[in-house]
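Coordinates in review
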Amino acid sequence: MMGQPVARAEAVRAGSLQRSAARVVERGMAGERVEPQAASSQAAPIEPEIVFETRGEAGLITLRRPKALNALTLPMVEAMHRQLRAWAGDARVSRIIVRGAGGRAFCAGGDIRQIHALGRAGRHADVMAFWRGEYWLDAAVKTYPKPYIALIEGIVMGGGVGISLHGDVRVAAESYSFAMPETGIGFFPDVGATYALPRLPGCTGRYLALTGARIGAGDALAVGLATHAARAADFDTLIDRLAGGGAIARAFEGLDAPGTETGPLVAERALIDACFSADTVAEVLARLDAAAAEGSAFAETTAATMRTRSPTSLTIALALMRRGGDLGFAEAMLAEYRLAEQAMHGHDFYEGVRAVIIDKDNRPAWRPATLDDVDGAAIEAAFASPDGTEPRFDGSAVPREPAPNAGAQS
């Protein structure tokens, strides 16, 4: 029941969406861990993929797939959405904290291998269930009625950006590494990037969207992707302080922030704005080539990187960045959902994932292979007015309950 102390462990199975069961462990108001009884004395324990706790006034979420860089599965997404709704109605919880286990990554995105396999098998309904569930969760974070704090250590990409960037407080540790690398796998920057990136200073959002470049904590703080910096070693102290209630800003008092040197996003800002303000990808590349001819190594490297990306993905990304500043969050998410559906029936996503993630030959054969052959009309269709039958991404969606065969135990 919403608003009641949690005193159970919920075994959430992915069923047809996963090769193995996902587990969600929830903890009571005192923070005690409640273990389920094993199905048999011979059964090996299943490690939970996401853990919910209440510590004082804080609802604490820990992503626990460190070997998979805490990549999100649909059961994790839906469990997190359900728990956020429960805590929204619990007066004892005044703020939410989310973190990733393992130290290497906060969250590297959605489980792309799984999505690729499902799409290749023709299970498009299951594929779209993932995108819909993930985007609903992003909308829940964006509209959440209580302060939402992400403690980001290591990699934050794709779906990890969706469950952090739209919250109130984004704390970057010294190993923070942000990227939206989707154009390199035949997809596009999603999870609300259409709304968020065009609102960054100048054309920095366009640069990040088209190139997939990684940036560190210094650049993230400079453009507003991160709001605070703290050492990863101090995250437990931060959690304890935040759990004690009071002003969130006070939790950071007396903590030494790590060095936050800036990188190319700040150093090359003038060139980025000059080149990425172009109206077409071809013109962006022409401007970069001109700057490279005048001696800019950054421009040369950036242009070379873009030429390895899917032409369709680059065109979509720029269209999203050009329009996103004028869209509300729900409108931006709907455009992304439509484009995701197109991509799942197309070629480049499956080819990009094959080349970069599965076979790792890094030699994708994009179709079409040139910018001139990209179907612009199909991209424009994503921005049509809602027809009343599509999902809404305004924070009102209710996540699915666990399947009856999930085997909740107490």
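Residues numbered from 1 in each chain as written. Predicted model: local features only at pLDDT ≥ 70, side-chain atom pairs only at ≥ 80, totals over all residues. Heavy atoms only, no water.

**Concerning the overall build of the chain**
Each helix and strand in the chain was counted, giving 16 helices and 11 strands. When each of the 410 residues of the chain is scored for burial, the buried share is 55%. The contacts of the chain with a sequence gap of at least 6 include a subset with a gap of at least 24, amounting to 74%. For the chain, the accessible area works out to roughly 17100 Å², and carbon and sulfur atoms hold 50% of it. (Helix = DSSP H or I, 4+ residues; strand = E, 2+ residues; numbered from the N terminus. Buried < 20%, exposed > 50% of the residue type's maximum accessible area, 1.4 Å probe, protein only. Contact = heavy atoms within 4.5 Å. Areas by Shrake-Rupley, 256 points an atom, 1.4 Å probe, with all protein chains shown as cover.)

**Quick notes on the pattern of salt bridges**
Taken as a whole, this structure holds 18 salt bridges when the rule is applied. For Arg55, the salt bridge identified is with Glu53, shortest N-O distance 3.4 Å. A salt bridge links Glu351 to Arg354; the shortest N-O distance between them is 3.0 Å. Of the two residues, Glu351 and Arg354 are both situated in helix α15 (residues 348-358); the distance of three residues between them amounts to about one turn of the helix. On the basis of relative accessibility, which here comes to 11%, the residue Glu351 falls in the buried class. In the salt-bridge network here, residues are joined through shared partners; they are Glu351, Arg354, Asp359 and Asp361. (Salt bridge = Lys/Arg side-chain N within 4 Å of Asp/Glu carboxyl O.)

**What to know about unusual backbone geometry**
Following Arg367, the chain continues into Pro368 via a peptide bond in cis, with omega recorded as 0°. Note that Pro368 resides in the loop between α15 and α16 (376-380). Phi at Leu69 is positive, roughly 55°, even though this residue is not glycine. On the secondary structure map, Leu69 appears in the loop between β4 (58-63) and α1 (74-88). Phi is positive for Asn362, close to 55°, though the residue is something other than glycine.

**Topic: the sheet that holds strand β10 (residues 177-179)**
An order of β6-β8-β10 is seen for the three strands of this open sheet, with the pairing classed as parallel. With partners counted over all chains shown, the strands left at the sheet margins are β6 (105-107) and β10, one partner each. Between one strand axis and the next, the sheet turns through 20° on average, direction left out of account. (Pairing = 2+ DSSP bridges. Axes fitted to C-alpha atoms, helices over the stretch in contact; angles between N-to-C directions.)

**Remarks on the nonpolar core**
Formed by 102 residues in total, the largest nonpolar core has its most connected members in Ile61, Met80, Trp131, Phe187, Leu225, Phe276 and Met344. Aside from chain neighbours lying at most four places away, what touches Phe276 is Cys203, Arg206, Tyr207, Leu210, Thr211, Val284, Leu288, Thr302 and Met306. With 19 residues, the next largest nonpolar core counts Leu60, Ala232, Leu242 and Leu255 among its residues. (Core = buried A, V, L, I, M, F, W, Y, C linked by side-chain atoms within 4.5 Å.)

**With respect to the environment of Asp326**
As for its placement among the helices and strands, Asp326 is situated in the loop between α13 (311-324) and α14 (329-344). Look at Asp326 and you get exposed, because its relative accessible area is 72%. Considering only alpha carbons, one finds Asp326 and Pro198, 128 residues apart in sequence, at a separation of 9.0 Å.

**Focus: empty space enclosed by the protein**
Enumeration over the complete set of coordinates arrives at one cavity of 30 Å³ or more. A volume near 40 Å³ is recorded for the largest cavity. Ile152, Val156, Val161, Ser164, Leu165, Arg170, Tyr176, Phe178 and Leu225 are the residues that line the largest cavity. (1 Å grid on protein atoms, 1.4 Å probe; cavity = no way out; pocket = protein on both sides within 12 Å on 5 of 7 lines; lining within 4 Å. Points joined across faces, edges and corners; volume = space filled by probe spheres on them.)

**Comments concerning helix α10 (residues 269-276)**
When we look at burial in α10, the residues that qualify are Leu271, Ile272, Cys275 and Phe276. Around the axis of α10, the buried residues are gathered within 105° of arc, so they sit on the same side. Elements in contact with the buried residues of α10: α6 (204-211), α9 (264-267), α11 (281-293) and α12 (297-306). (Arc of directions from axis to C-beta.)

**Regarding the confidence of the model for the chain**
Chain-level pLDDT for the chain is 90 on average; 87% of the residues reach the 70-or-more range. Long-range and interchain partners of residues 1-22, a stretch whose pLDDT sits below 50, account for 71 contacts in this model, where long-range means more than four residues apart. Contacts for the low-pLDDT stretch residues 26-41, under 50 throughout, to residues beyond four places or in other chains number 37 contacts. (pLDDT = per-residue confidence, 0-100.)

**Regarding the side chain of Asp138**
Relative to the elements of secondary structure, Asp138 occurs in helix α3 (residues 124-142). For the buried Asp138, which has no salt bridge, the nearest side chain bearing the opposite charge is Lys142, at an N-O separation of 12 Å. When residues no more than four places from it in sequence are discounted, the contact partners of Asp138 are Gly162, Ile163, His166, Val191, Phe329 and Met333. (Lys, Arg positive; Asp, Glu negative; His and termini not counted.)

**Things to note about the side chain of Arg99**
Note on placement: Arg99 falls in strand β5 (residues 95-100). You can call Arg99 buried: its relative accessible area is 18%. Looking at Arg99, its side chain comes within polar contact range of the side chain of Thr62, at 3.0 Å. A polar side-chain atom of Arg99 sits 3.4 Å from a polar atom in the side chain of Asp236. Here Arg99 is in contact with Glu53, Arg55, Leu60, Ile61, Thr62, Leu63, Phe106, Leu151, Asp236 and Ile239, once residues within four sequence places are set aside. (Polar contact = N/O pair within 3.5 Å; in protein donor to acceptor, adjacent residues only side chain to side chain.)

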